[in-house]
Amino acid sequence: MAEVNLPGGRRLTLSAREPWARPESPATSRIAYAAAHVVADPRAENSPGAPAVLDWEATLAFRHHLWSHGFGVAEAMDTAQRGMGLDYTATRELIRRSSAEAAAAGGRIVAGVATDQLPPGQATLDQVRLAYAEQLADVAQAGAAPVLMCSRHLAATARDADDYLGIYRELLEQSDKPVVLHWLGTAFDPALEGYWGSSDVDKATETVLELINSNPAKVDGIKVSLLDAGHEIGLRRRLPAGVRLYTGDDFNYPELIRGDEQGYSDALLGIFAAIAPAAAAALAALDRGDLAEYDRIFAPTVPLSRHIFTAPTFYYKTGIVFLAWLAGHQEHFTMVGGLQSGRSVPHFAKLIELADAAALLPDPELAARRANKFFEVMAG
């Protein structure tokens with residue numbers, strides 16, 4: 001019997017369940033990307049401000065885990081600690097290696113394009129333009145499809161919506177593949193306040209739609225991470241034919257992916273890295289038209305996701321990595337930039353309970369052993 005000694009004297013008996021079956025093929029009714037985390041090298045410095053050093057074997061093995069469950073990999077995104085420990089030298093190498101693995105495995109991959117090779121702070125529009133172009137070329141050379149991520153530098157520099165439109169239109173023209181646009185809200189990154197030229201979400205939405213409508217053939221879709229289901233549905237219904245809405249809403253993903261009589265969202269989600277086996281089973285049920293089973297599988301994952309992404313939301317990566325450690329995908333709980341300190345002991349205790357309820361601890365004995373060692377050190 002696998003028991004966890006939780007802080008405060010409580011004991012949790014982890015459930016022994018049959019592992020989730022791997023699907024024979026990716027879901028057909030929805031496109032689903034999991035934004036993957038990176039595994040730090042625990043023997044390297046990896047302290048705040050230090051260059052990131054990765055455990056490449058474990059990092060790439062986790063991508064194969066996602067591909068084996070039918071997911072595409074969204075590489076070098078927010079989940080991989082862009083702007084929170086993963087410097088661009090490591091990012092470039094991550095994109096190169098993951099893209100090569102994807103080609104060998106027949107896996108789908110997209111990769112983030114940003115401006116984080118620039119020093120922190122304000123930059124000129126020309127510097128932002130060149131930084132984006134450099135990263136776009138790196139992603140194209142690696143063979144991945146680009147995701148145009150929000151830029152802190154552009155947010156700090158742009159004067160109005162026209163500055164955003166000018167930069168992004170150039171990038172659409174430069175890309176040799178249709179891109180995924182990325183709208184990341186301030187819950188994930190407070191430095192992105194006023195993105196698209198306005199803090200008014202309705203005005204910002206009009207700018208986004210103007211950009212997409214000006215060249216829809218170059219836009220595969222837009223990932224929206226505003227944690228506002230109503231806004232996402234409204235934007236989804238206004239997109240040109242053929243342009244996808246990739247939900248990045250880690251609070252409301254089941255209903256958004258399920259959709260309604262007027263459409264649905266595809267997915268590009270950080271939580272899918274944590275719940276991949278269950279999510280794959282839910283999407284397989286959706287393919288079969290078994291909506292009751294789809295809802296049943298996803299239901300217990302939502303409290304887990306809302307807990308992992310609780311405010312301050314940008315520390316969600318810590319919970320993703322902690323769960324990957326408990327589930328046996330890596331041998332340690334260390335993160336680049338020292339981000340393992342981003343959540344509290346009570347947060348981790350609740351995370352274990354919710355992960356167990358969602359059947360996401362494939363080896364309860366391993367999970368209990370690791371959790372008990374962690375709480376013994378951290379909580380006494």
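Scroll up to find the structure this text is about.
Residues numbered from 1 in each chain as written. Predicted model: local features only at pLDDT ≥ 70, side-chain atom pairs only at ≥ 80, totals over all residues. Heavy atoms only, no water.

Draft legend 1. Examining the sheet that holds strand 9 (residues 244-247) more closely. Pairing is parallel around the closed barrel formed by eight strands, whose spatial order is 3-4-5-6-7-8-9-10. Strand-to-strand twist across the sheet, computed as the mean angle between neighbouring axes with direction ignored, equals 25°. The strands touched by helix 2 (residues 88-105) are strand 4 (72-75) and strand 5 (109-113); relative to strand 5, the strand with the most contacts, the crossing angle is about 170°. Packed onto the sheet, helix 9 (residues 271-288) meets strand 3 (32-35) and strand 10 (266-269) and runs at close to 155° relative to strand 3. (Pairing = 2+ DSSP bridges. Helix = DSSP H or I, 4+ residues; strand = E, 2+ residues; numbered from the N terminus. Axes fitted to C-alpha atoms, helices over the stretch in contact; angles between N-to-C directions. Contact = heavy atoms within 4.5 Å.)

Draft legend 2. Spotlight on the pairing of strand 10. The alternating pattern of strand 10 places Asp266 and Leu268 on one face and Ala267 and Leu269 on the opposite face, and all of these are buried. Looking at chain direction, strand 3 and strand 10 are connected through three bridges and run parallel. Directly across from Ala34, in strand 10, lies its bridge partner Leu269. For strand 9 and strand 10, the ladder comprises two bridges, and the chain directions are parallel. Note on strand 10: the bridge partner recorded for Tyr246 is Asp266. Once you follow strand 9 into helix 8 (residues 253-258) and on to strand 10, the crossover reads as right-handed. (Buried < 20%, exposed > 50% of the residue type's maximum accessible area, 1.4 Å probe, protein only. Right-handed = clockwise from strand over helix to strand, strands pointing away.)

Draft legend 3. Expanded view of unusual backbone geometry. Between Ala311 and Pro312 the backbone carries a cis peptide bond, its omega angle lying at -5°. With a phi close to 70°, Gln81 is a non-glycine residue in the positive phi region. In this structure, Gln81 sits in the loop between strand 4 and helix 2.

Draft legend 4. Structural context of the pairing of strand 8 (residues 219-225). Most of strand 8 is tucked away, with six of its seven residues classed as buried. In this sheet, strand 8 lies alongside strand 7 (residues 179-184) in parallel orientation, the contact comprising six bridges. Within the sheet, the bridge partner assigned to Val180 lies in strand 8 and is Gly221. With respect to chirality, the unit in which strand 7 leads through helix 6 (residues 201-214) into the neighbouring parallel strand 8 is right-handed.

Draft legend 5. Structural view of the environment of Val110. With respect to the helices, strands and loops of the structure, Val110 is situated in strand 5. The class for Val110 is buried, based on a relative accessible area of 2%. Once the C-alpha coordinates of Val110 and Gly289 are considered, the two residues, 179 residues apart in sequence, prove to be 28 Å apart. Beyond its immediate stretch of four places on either side in the chain, Val110 contacts Tyr33, Val73, Ala74, Glu75, Ala144, Ala145, Val147 and Leu268.

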